[in-house]
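Report on the structure
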Amino acid sequence: MTIQSKNPATGEVVKTFEALTEAQIDLAIAQSVVAHEALRDWSFKKRAACMEKAAKILEDESPCIAEIMTMEMGKTLASAKGEVEKCAWVCRYYAETAEAHLADDIVKTDATKSYRCYRPLGPVLAVMPWNYPLWQVFRFAAPALMAGNTGLLKHASNVPQSALLIQDIFQRAGFPDGAFQTLLIGGSQVEQILRDDRVRAATLTGSEPAGASVASICGEEIKPTVLELGGSDAFIVMPSADLDEAVKVGTTSRTQNNGQSCIAAKRFIIHADIYDGFKAKMVEAFADLTIGDPMDDATDIGPLVSVEARATIDGQVQKALKAGAIRVMGAEIMDGDGAFYRPGILENISEDSDAYHEEVFGPVALLFKVDDIEAAIKLANDSPFGLGSSVWTTDKAEQDQAIRDLEAGATFVNSMTSSDPRLPFGGIKRSGYGRELTAEGIRAFCNCKTVSIA
């Protein structure tokens with residue numbers, strides 16, 4: 001098969017690549033094993049030096065790297081640069097903390113000495129999406145390599161240049177040859193890699209069907225997995241909130257990355273007393289967004305990743321309208337070249353419509369009206385997803401109730417849901433399982449080994 005790098009702002013095919021052959025895949029796995037055997041014996045100090053160098057490469061070459069991401073998937077150049085900086089951050093975070101996260105933990109027992117230690121598993125296959133071409137990968141790769149594992153990357157087929165760039169960065173940073181390899185392959189070739197005994201684990205960020213497929217295969221092979229899947233995050237606003245700030249942050253959260261983010265606010269659950277005011281302010285904020293060339297610093301919203309993705313989102317909007325939803329503004333295909341879609345707002349979403357339960361992976365906000373915090377939490381939890389959540393209130397009792405009862409992997413109070421290397425990241429329900437980042441992330445693909453010395 002041919003793998004294409006295609007500019008979603010223009011529709012132009014920029015570059016093409018041939019998928020790896022069976023022999024090339026086998027060789028890559030063999031090289032990953034050899035690299036693991038070398039890397040696991042390196043000191044943390046030696047690994048950290050390479051990881052620090054990777055961070056430096058990212059920072060020094062940020063403008064060029066950002067342009068590649070923007071060209072391949074349409075995110076604004078400003079957000080692409082921010083993504084590069086975040087990748088450098090996660091590299092430095094694990095360079096500084098890996099040894100402490102994986103330190104032997106002494107446990108008092110009847111033995112002379114007993115403790116738990118953490119040992120790397122070996123080659124790990126990472127199946128990654130296009131929406132954050134670098135960040136999704138680096139938040140896996142930095143802890144994996146610092147733990148002594150090696151990485152095999154099956155990236156989304158529409159971001160091959162970004163994928164190859166990541167391999168190049170780790171090679172130039174000084175990690176062993178084969179420690180991190182990009183495999184330009186199609187989805188049909190993933191199963192054979194998962195079933196290879198030399199590959200010890202897998203991680204996937206992406207869709208529910210893809211996650212279910214990987215989990216099923218790894219279940220049969222008895223291999224650990226971490227899944228970060230979809231999200232339909234609730235953004236709850238109560239009367240005590242700073243309304244202007246909530247609208248500002250909510251607009252940013254819904255439209256970040258051109259609306260293509262798992263942890264973007266998607267369902268805005270607003271108290272009845274402030275609903276009309278919130279809606280009016282959000283309409284104004286959406287209307288002020290500049291849509292256009294993602295390479296232009298003045299652009300707020302670039303194209304969606306493809307015309308196919310745009311058609312899917314518009315289909316969801318049309319179905320919602322037919323089921324009784326009201327279009328407050330926007331939410332429509334824009335004329336001209338590229339996969340541009342006008343950001344929009346819908347309200348009056350019927351509980352029995354698909355839009356009530358689905359994830360809309362584009363810049364469309366869904367508004368809901370509730371009478372109190374109990375109703376807000378009930379509506380927020382009435383979803384198959386449980387990734388992130390955000391609640392806006394200065395009432396301590398409401399904050400405590402939301403933190404306690406919201407069914408999500410994270411709850412952010414009076415701020416936007418985000419990922420941070422210092423905090424665990426992941427979801428529950430159909431949003432996946434396992435955690436990335438911080439201590440949980442680096443231990444995810446380690447053998448927590450019990451040692452007892454008589």
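Residues numbered from 1 in each chain as written. Predicted model: local features only at pLDDT ≥ 70, side-chain atom pairs only at ≥ 80, totals over all residues. Heavy atoms only, no water.

1. Quick word on the layout of surface pockets
In this model, the largest pocket occupies a volume close to 660 Å³. Lining the largest pocket are 27 residues, with Trp130, Gly206, Ser207, Glu359 and Phe361 sitting closest to its centre. Listed by contribution, the elements that provide at least two residues to the lining of the largest pocket are strand E8 (201-205), helix H8 (208-221) and helix H11 (307-322). Residue contributions to the lining of the largest pocket peak at four residues, all from H11. In terms of residue class, the lining of the largest pocket is built from 14 nonpolar, nine polar and four charged. Here the second largest pocket is characterised by a volume of approximately 530 Å³. Lining the second largest pocket are 28 residues, and of these Ser79, Tyr132, Gln256, Asn257 and Met416 sit closest to its centre. (1 Å grid on protein atoms, 1.4 Å probe; cavity = no way out; pocket = protein on both sides within 12 Å on 5 of 7 lines; lining within 4 Å. Points joined across faces, edges and corners; volume = space filled by probe spheres on them. Helix = DSSP H or I, 4+ residues; strand = E, 2+ residues; numbered from the N terminus. Nonpolar A, V, L, I, M, F, W, Y, C, P; charged D, E, K, R; others polar.)

2. Topic: the sheet that holds strand E7 (residues 180-182)
The strand order E7-E6-E5-E8-E9-E21 describes an open sheet built from six strands, whose pairing is mixed. Of all strands in the sheet, those bounded by a partner on one side alone are E7 and strand E21 (432-433). Taken together, the five bridges between strand E5 (residues 123-127) and strand E6 (residues 150-154) define a ladder with parallel strand orientation. In the strand pairing of E6, valine 127 is matched with lysine 154. Lying on the sheet, helix H5 (residues 135-147) is in contact with E5, E6, E7, E8 and strand E9 (225-228); it crosses E7 at an angle near 150°. Across the sheet, H8 lies against E8, E9 and E21, angled at about 170° from E8, the strand it touches most. (Pairing = 2+ DSSP bridges. Contact = heavy atoms within 4.5 Å. Axes fitted to C-alpha atoms, helices over the stretch in contact; angles between N-to-C directions.)

3. Considerations on the pattern of salt bridges
Taken as a whole and judged by the stated rule, the model has 24 salt bridges. Across the salt bridge formed by glutamate 59 and arginine 92, the nearest N and O atoms sit 2.6 Å from each other. Highlighted residues: glutamate 59 in helix H2 (residues 44-60) and arginine 92 in helix H4 (residues 77-101), separated in sequence by 33 residues. Note on arginine 92: relative accessible area 23%, which makes it partly exposed. Residue glutamate 436 pairs with arginine 139 through a salt bridge whose shortest N-O separation is 2.9 Å. Highlighted residues: glutamate 436 in the loop between E21 and helix H15 (438-443) and arginine 139 in helix H5, separated in sequence by 297 residues. Taken together, the shared-partner salt bridges connect Glu191, Arg195, Glu220 and Glu221 into one network. (Salt bridge = Lys/Arg side-chain N within 4 Å of Asp/Glu carboxyl O. Buried < 20%, exposed > 50% of the residue type's maximum accessible area, 1.4 Å probe, protein only.)

4. Comments concerning H8
For H8, spanning 14 residues, the distance from its first C-alpha to its last is 20 Å, which sits close to the expected 20 Å at 1.5 Å a residue. Buried within H8 are the following residues: Gly211, Val214, Ile217 and Cys218. Seen along its axis, H8 keeps its buried residues to an arc of 140°; they face one direction. In H8, the exposed residues that point more than 90 degrees away from the buried face are Pro209 and Glu220. (Expected span 1.5 Å × (residues − 1). Arc of directions from axis to C-beta.)

5. Details of unusual backbone geometry
Residue asparagine 258 is not a glycine yet carries a positive backbone phi of 60°. Position of asparagine 258 relative to the elements: it lies in the loop between helix H9 (243-255) and strand E11 (265-271). Its relative accessible area of 2% is what places asparagine 258 among the buried residues.

6. Observations concerning the sheet that holds E11
Pairing is mixed across the open sheet formed by seven strands, whose spatial order is E12-E15-E16-E11-E10-E18-E19. Two strands bound the open sheet, and with one partner strand each, they are strand E12 (326-329) and strand E19 (412-413). Both strand E15 (residues 344-347) and strand E16 (residues 364-370) contribute to a ladder of four bridges, which runs parallel. Paired with leucine 346 across the strands is leucine 366, a residue of E16.

7. As for the nonpolar core
By size, the foremost hydrophobic cluster in this structure holds 62 residues, and its most contacted members are Leu58, Phe138 and Phe170. The set of elements that each furnish at least two residues to this core consists of helix H1 (22-39), H2, helix H3 (62-73), H4, E5, H5 and helix H6 (160-172). Considering each element in turn, this core owes the most residues, 11 residues, to H4. Residues contacting phenylalanine 170, with those up to four places away along its chain left out, are Met51, Ala54, Phe138, Ala141, Leu145, Phe175 and Phe180. (Core = buried A, V, L, I, M, F, W, Y, C linked by side-chain atoms within 4.5 Å.)

8. Examining a negative patch on the surface
A surface patch of like charges, here negative, comprises Asp273, Asp371, Asp372 and Glu374. Positionally, glutamate 374 belongs in helix H13 (residues 373-381). (Patch = residues over 30% accessible without salt bridge, like charges linked within 9 Å, V, L, I, M, F, W, Y side chains within 5 Å. Areas by Shrake-Rupley, 256 points an atom, 1.4 Å probe, with all protein chains shown as cover. Lys, Arg positive; Asp, Glu negative; His and termini not counted. Charge placed at Lys NZ, Arg CZ, Asp CG, Glu CD.)

9. A closer look at a positive patch on the surface
Judged by side-chain charge, Arg40, Arg119, Arg200 and Lys449 come together as a positively charged surface patch. Secondary-structure assignment places arginine 40 in the loop between H1 and H2.

10. With respect to the environment of glutamate 245
In this fold, glutamate 245 is placed in helix H9. Taking the relative accessible area as the measure of exposure, glutamate 245 reaches 33% and is therefore partly exposed. Sequence-wise, glutamate 245 and methionine 51 are 194 residues apart; in three dimensions their C-alpha atoms are separated by 37 Å.

11. Side note on the packing of aromatic side chains
One pass over the full model with this rule turns up 10 aromatic pairs. Both rings, one in phenylalanine 235 and one in phenylalanine 268, keep their centres 5.1 Å apart while their planes meet at 50°; by these two values the pair is tilted. Of this pair, phenylalanine 235 sits in strand E10 (residues 233-237) while phenylalanine 268 sits in strand E11, and the two are 33 residues apart along the sequence. Phenylalanine 268 matches phenylalanine 235 in its accessibility class, with the two residues each being buried. Taking 5.9 Å as the distance between ring centres and 85° as the angle between the ring planes, the aromatic pair formed by tyrosine 356 and phenylalanine 368 counts as edge-to-face. Here tyrosine 356 is found in helix H12 (residues 354-357), whereas its partner phenylalanine 368 is found in strand E16, with 12 residues between them in sequence. (Phe/Tyr/Trp six-rings, centres within 6.5 Å; stacked < 30°, edge-to-face > 60°.)

12. Notes on helix H14 (residues 396-405)
For H14, the full list of buried residues reads Glu398, Gln399, Gln401 and Ala402. Angular distribution of buried residues about the axis of H14 spans 165°; they occupy a single face of the element. Exposed residues lying more than 90 degrees from the buried face of H14 are Lys396, Ala397 and Arg404. Where H14 is buried, its residues touch H13, strand E18 (389-392) and E19. With a side-chain oxygen positioned 2.9 Å from the backbone nitrogen of alanine 397, the residue opening H14 is aspartate 395. (Polar contact = N/O pair within 3.5 Å; in protein donor to acceptor, adjacent residues only side chain to side chain.)

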